[in-house]
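# A structural walkthrough
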Protein chains: 6
Amino acid sequence: MRKIGPRNLLTADALKSKKVSETYTLMTELVLPNDTNTLGNLMGGKLLHWMDIASAISAQRATNRTVVTVAVDFVEFKASIPLGSVVIIEARVTRTFNSSLEVRIDVAYENLQTGERKDSNTAYYTFVAVDQSGRPIPVTDVQPESEQELAWHTEAQRRRELRLLLAGRIKPGEATGLREMFGI
Amino acid sequence: MRKIGPRNLLTADALKSKKVSETYTLMTELVLPNDTNTLGNLMGGKLLHWMDIASAISAQRATNRTVVTVAVDFVEFKASIPLGSVVIIEARVTRTFNSSLEVRIDVAYENLQTGERKDSNTAYYTFVAVDQSGRPIPVTDVQPESEQELAWHTEAQRRRELRLLLAGRIKPGEATGLREMFGI
Amino acid sequence: MRKIGPRNLLTADALKSKKVSETYTLMTELVLPNDTNTLGNLMGGKLLHWMDIASAISAQRATNRTVVTVAVDFVEFKASIPLGSVVIIEARVTRTFNSSLEVRIDVAYENLQTGERKDSNTAYYTFVAVDQSGRPIPVTDVQPESEQELAWHTEAQRRRELRLLLAGRIKPGEATGLREMFGI
Amino acid sequence: MRKIGPRNLLTADALKSKKVSETYTLMTELVLPNDTNTLGNLMGGKLLHWMDIASAISAQRATNRTVVTVAVDFVEFKASIPLGSVVIIEARVTRTFNSSLEVRIDVAYENLQTGERKDSNTAYYTFVAVDQSGRPIPVTDVQPESEQELAWHTEAQRRRELRLLLAGRIKPGEATGLREMFGI
Amino acid sequence: MRKIGPRNLLTADALKSKKVSETYTLMTELVLPNDTNTLGNLMGGKLLHWMDIASAISAQRATNRTVVTVAVDFVEFKASIPLGSVVIIEARVTRTFNSSLEVRIDVAYENLQTGERKDSNTAYYTFVAVDQSGRPIPVTDVQPESEQELAWHTEAQRRRELRLLLAGRIKPGEATGLREMFGI
Amino acid sequence: MRKIGPRNLLTADALKSKKVSETYTLMTELVLPNDTNTLGNLMGGKLLHWMDIASAISAQRATNRTVVTVAVDFVEFKASIPLGSVVIIEARVTRTFNSSLEVRIDVAYENLQTGERKDSNTAYYTFVAVDQSGRPIPVTDVQPESEQELAWHTEAQRRRELRLLLAGRIKPGEATGLREMFGI
């Protein structure tokens, strides 16, 4: 028989629901030469990589579990971030579904010569919490507190439907949130 | 008056339409320790980075222009790729729209001990061709030849509508391709 | 005569005094395999590198100037930070002296499996603000607001004396703050 | 007694002879700032590194074994590859000898602004297939099919003699292929 | 009972005192684009990282033990080292105290276009020798031979007092070496 | 007319012949996780990269010119260098020919737990000195002093013949040094 020990306590703790604010992660990075394209601006791929690390930390703060990236959606890069800029990446879990979690990421960048800070882009990464064999395990939902967090929590359902619909896992008729969006 | 010279010839060449197969890019990478998470599998962020480089090369082969990543969508990671695997990334431009291009990326991985190769995931990255000041410039569409390339070319329109709709740039009523999908 | 323009406005802005809290920088990093020694713990050199980037950003937020590291002191590593940990680095300017700035850095680390966070170490890096030719230029002092910030601001004078004394730039008799410390 | 299982099947598979074309590996890399020397061209050492990875993958595709680099010869760099270029590395096993394999590597580079592609260089790397303890194990020869592959297969014998001669492992009198080359 | 074997012989060897010159380590590095700040000079953090590796090797040469960095002090950067320079890092153990070791590091840099070499800075890193569980283990002192090595050995005591004093581990009254320095 | 200035002095200095010992370069590197293959040993490609940097520094110390790698030959890896080892790379110019230089590289590795040091391999890299446009420029020969350096200087001629012969630039009849080796 397996004894009651730190391992089980950990499990108990992992199941305890976290507030959205407890999953908040702030990452600050400096754009170096190797991160830039021939125009001297941050390459999208490097930013996608940083966003993945920040959001994975956020997802692990929510679950105390190893997580693996399963989907990336709705990433839109609006700005060119020049060499030498500071990139500020904020990640927070918006909602969980069984063993998956959606993380919202907001990216801004700062010109250190002027102090000016601008928004760059927003994205949503989806993770699945897994055990040591890599099998999905259920996670407890996060608790939104602010109005903004509540809005993100609600909208997460619609984004999920869209992901499942596009992946062919549900049929258009089942995407009730989306149907609403089209007014049908 | 600007003289006729290599620069203008280049422009002429850049405007010449390329076949989809001419934009084909194959990248082969080895999963090293620093690319892996605590389960010893490739981190999603690293793969997103590699996919960005492969698709940017493909987009530049189509346009002979500097391109910048503007959107990433419909990325779904289905497999865990272990340390020591070979990752095979195939990218090809499916269609262009004014100054933007959609690139389809197919990822597989190979176990060198067994020779077994498995599909990992598919994704779509969108780029914009820019001039030396970073301003968007129009590009000529690619020419699909095979049936598969034609299908991708057609579907690209629907994915674009979805991107614009989600970004709030068009209204549900304008997304004709999508409305069809919902049977309305 | 040099014309009034954006450049001068920038200078004006750079001379405007910043609050200590405006120089605050939070960096979050994940310990990857290549960052670790043979015991699987974060190598000191990697942490020194991260601390340098975080504190340089803080110093630039205080001055809107390029800064160069000129001294590192009083770094004491008390903890072993294992592979897979999250490292949290906080940097803030404590005080400026002519063209130099002292930055205090506090490092903690977090176990993502348990959510436990522990203090790792504190250090002080000194920077000099320079112009485009690399020549030192005067900077305005930062404004401490909290009691803690005031204490750091006061103690910065003593640390500076110690640095100058050790570098042979002042004589023991001139180190009034230190003499006090020895009760003489 | 060791049981018949997947491990043994693997061995059987590893001993099955591969066609040269089955060992073909195509690697595509982008020249980034850190890969370049002070003239802004790709450093030879970085290319040697990429060539090693590509050829090691090719050697493993031929053997389904771990391989280690044992010799590098006849590398001649004829071209300067500028920053921002795409480097295309093709590797294929030409022949095996007991537990060693010769891999031929052809390198080209492409200017993404013009679409122009040029040959850069050719090289031969030699690998040894090893077991989990690092001991050499015999491998089955690859099967050349095209005329070109046959020529490479034949010439591999002469290159091997030259390697052994230069390493002092055979005497000039035993290098029959080389003697022919000198017409003696 | 544990058998006499290579492991114990190793321990015996590890306890054998080394000469300072046997701990000497010379590291040569090239300043690449990613190592530089916006002025094109080597970033302090990168140099701190290289210094840590060089001094850790030196400390391990003295002890044949795994070592961990515990303190960094008295680092003063006097020079700007430009992109493309060669950095020459010399490290040697000056003295040991129970399980800790002080390493002195001297940094110079060389302009390859002119052959000119200049001193950059000096620093002291402190390490602790640990066993496989990370627990400190006693080490034998190194033997200074030259006059310079003897001077470093003697001064190491005073630097240690200063470190302990600043860390609050000894009281000003116990810092006899320092009191002398202040003439009290 | 171009004025006499620092630039010309530099040229004069660059033409001054250096002793072989003045071109000596010692590089010390630590084998980190990302440098290793699946057996936990240093990958050949990483070592080829380090050897290129060490030998390029050596060639620049001989010429005070930018150099580019043009050939790599006679590299034979005899040993497996495990993770955590220290790699010691020694490079020195053996001889110059018009604008090209041959650099000999000797590699050893050290086990920090036992202090044991072993030879790993020897290789020859060939560089060409170039001006700022990348065009080859003549260099003055190095001066061998020790008997060993003289032997390397003499043998360099034979290795050069072999390189030219293999590259098809001279005919077997012209390779007088080689013909001697075959006793014809």
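What comes next is a walk through the structure. Quick caveat: nothing in here was measured; it's all calculated off a predicted structure. (Residues numbered from 1 in each chain as written. Chains lettered and ligands numbered in written order. Predicted model: local features only at pLDDT ≥ 70, side-chain atom pairs only at ≥ 80, totals over all residues. Heavy atoms only, no water.)

Let's shift gears to the interface of chain C and chain F. Where interface size is given, it is often the accessible area lost as the parts come together that is meant. Across the boundary between the two partners, chain C contributes five residues, which contact four residues of chain F. With both sides pooled, the region where chain C packs onto chain F buries about 370 Å², and carbon together with sulfur makes up 64% of that total. On the chain C side of the interface with chain F, the three residues burying the most area are C:N34, C:T38 and C:M43, jointly 79% of the side's total. At the boundary of chain C with chain F, the tally comes to zero salt bridges. On the surface where chain C and chain F come into contact, there are one residue pair in polar contact (both at pLDDT 80 or more). (Contact = heavy atoms within 4.5 Å. Buried area = accessible area lost by both parts, 1.4 Å probe. Salt bridge = Lys/Arg side-chain N within 4 Å of Asp/Glu carboxyl O. Polar contact = N/O pair within 3.5 Å; in protein donor to acceptor, adjacent residues only side chain to side chain.)

Our next topic: the interface of chain B and chain A. Contact with chain B, which involves 37 residues of that partner, is made by 37 residues of chain A. For the chain B and chain A pair, buried surface summed over both sides reaches about 3200 Å², with 66% attributable to carbon and sulfur atoms. Among the salt bridges present, the one from A:R169 reaches B:E76, with a minimum N-O distance of 2.5 Å. Linking chain B with chain A are 10 residue pairs in polar contact (both at pLDDT 80 or more), by the criterion used here. Mapped by element, the contributors of at least two residues to the side of chain B that touches chain A are α2 (44-63), β2 (66-73), β3 (75-76), β6 (117-130), α3 (147-166) and α4 (176-181) of chain B. (Helix = DSSP H or I, 4+ residues; strand = E, 2+ residues; numbered from the N terminus.)

To continue, consider the relation of the copies chain C and chain F. Mapping chain C onto chain F leaves a residual RMSD of 0.0 Å; the transformation is a rotation of 120 degrees accompanied by 0.0 Å of translation along its axis. The transformation relating the two chain copies, once decomposed into turn and shift, fits a three-fold axis. (Least-squares fit on C-alpha atoms with pLDDT ≥ 70 in both.)

Turning to the relation of the copies chain B and chain A, a few remarks are in order. With an RMSD of 0.0 Å, the fit of chain B onto chain A corresponds to turning through 180 degrees and sliding 0.0 Å along the axis. Here the transformation between the copies is reduced to the relation of a two-fold axis. Ranked by how close their C-alpha atoms come to the rotation axis, the residues of chain B are headed by B:D73, at 2.2 Å. Interface overlap between copies: 100% of the residues of chain B at the interface are likewise at the interface in chain A, consistent with a symmetric, same-surface contact.

Moving on: the environment of E:D73. By the secondary structure assignment, E:D73 is in strand β2 (residues 66-73). Separated by 49 residues in the primary sequence, E:D73 and E:Y24 place their C-alpha atoms 20 Å from one another. Ignoring sequence-local partners within four residues, the contact set of E:D73 consists of C:V72, C:D73, C:F74, C:V75, E:A123, E:Y124 and E:R163. Within the local environment of E:D73, its side chain forms a polar contact with the side chain of E:R163, the two groups lying 3.2 Å apart.

Further remarks concern the sheet that holds strand β3 (residues 75-76) of chain D. One open sheet holds the six strands; their spatial order is β3(D)-β2(F)-β6(F)-β5(F)-β4(F)-β1(F), and the pairing between them is antiparallel. Strand pairing shows two members of the sheet lacking a second neighbour, β3 of chain D together with β1 (25-30) of chain F, which therefore form its edges. Where helix α2 (residues 44-63) of chain E meets the sheet, its contacts fall on β1, β4 (86-97), β5 (100-110) and β6 (117-130) of chain F, and the angle it forms with β1(F) comes to roughly 85 degrees. Its contacts with the sheet place helix α3 (residues 147-166) of chain F against β2 (66-73), β4, β5 and β6 of chain F, and it is angled at close to 80 degrees to β4(F). (Pairing = 2+ DSSP bridges. Axes fitted to C-alpha atoms, helices over the stretch in contact; angles between N-to-C directions.)

Once that is clear, we can look at the pairing of β6(F). Residue and element names in this part refer to chain F. Within β6, 10 of the 14 residues are buried, leaving the element largely enclosed by the surrounding structure. The pairing of β2 with β6 spans seven bridges and is classified as antiparallel. Of the residues in β6, the one forming a bridge with D73 is Y124. Note that β5 and β6 share 11 bridges and pair antiparallel. Paired with L101 across the strands is F127, a residue of β6. Here β5 folds back onto β6 in antiparallel fashion, the turn holding six residues, of which G115 has a positive phi close to 80 degrees. (Buried < 20%, exposed > 50% of the residue type's maximum accessible area, 1.4 Å probe, protein only.)

This brings us to the sheet that holds strand β5 (residues 100-110) of chain E. One open sheet holds the six strands; their spatial order is β3(C)-β2(E)-β6(E)-β5(E)-β4(E)-β1(E), and the pairing between them is antiparallel. A strand with exactly one partner marks an edge of an open sheet, and here the two such strands are β3 (75-76) of chain C together with β1 (25-30) of chain E. Inspection of the sheet shows β3(C) paired to β2(E) by two bridges, in the antiparallel sense. Its bridge partner being in β2(E), C:E76 is matched across the sheet by E:A71. Those strands touched by helix α2 (residues 44-63) of chain F are β1, β4 (86-97), β5 and β6 (117-130) of chain E, and its axis lies near 85 degrees from that of β1(E).

Across the interface, helix α2 (residues 44-63) of chain A lies against α2(B) with an axial gap of 8 Å and an inter-helix angle of 170 degrees. The angle between α2(A) and α2(B) falls in the class roughly antiparallel. Across the interface between the two elements, A:G44, A:G45, A:K46, A:L48, A:H49 and A:D52 from α2(A) touch B:G44, B:G45, B:K46, B:L48, B:H49 and B:D52 from α2(B). (Parallel < 35°, antiparallel > 145°, perpendicular 65-115°, else oblique.)

This structure, assessed with the given rule, holds six aromatic pairs over all chains. Consider the rings of D:F74 and D:Y124, whose centres lie 6.5 Å apart with planes at 75 degrees: the pair is edge-to-face. With D:F74 in the loop between β2 (66-73) and β3 and D:Y124 in strand β6 (residues 117-130), this residue pair connects regions lying 50 residues apart in the sequence. One exposure class covers both D:F74 and D:Y124, and it is buried. Seen from their ring centres, E:Y125 and E:F127 are 6.5 Å apart, and the 20 degrees between their planes marks the pair as stacked. With respect to burial, E:Y125 and E:F127 carry one shared label: buried. (Phe/Tyr/Trp six-rings, centres within 6.5 Å; stacked < 30°, edge-to-face > 60°.)

All told, the structure shown has 72 salt bridges over all chains when counted by the stated rule. Residue C:R163 pairs with C:E102 through a salt bridge whose shortest N-O separation is 2.9 Å. Of this pair, C:R163 sits in helix α3 (residues 147-166) while C:E102 sits in strand β5 (residues 100-110); the two residues are 61 residues apart in sequence, bridging distant segments of the chain. What emerges from the salt-bridge pattern is a single network uniting A:D73, A:E102, A:E155, A:R159 and A:R163.

With that settled, consider the environment of A:T38. For A:T38, the position within the fold is in the loop between β1 (25-30) and α2. Discounting chain neighbours no more than four positions away, the residues touching A:T38 are B:T66 and D:G84.

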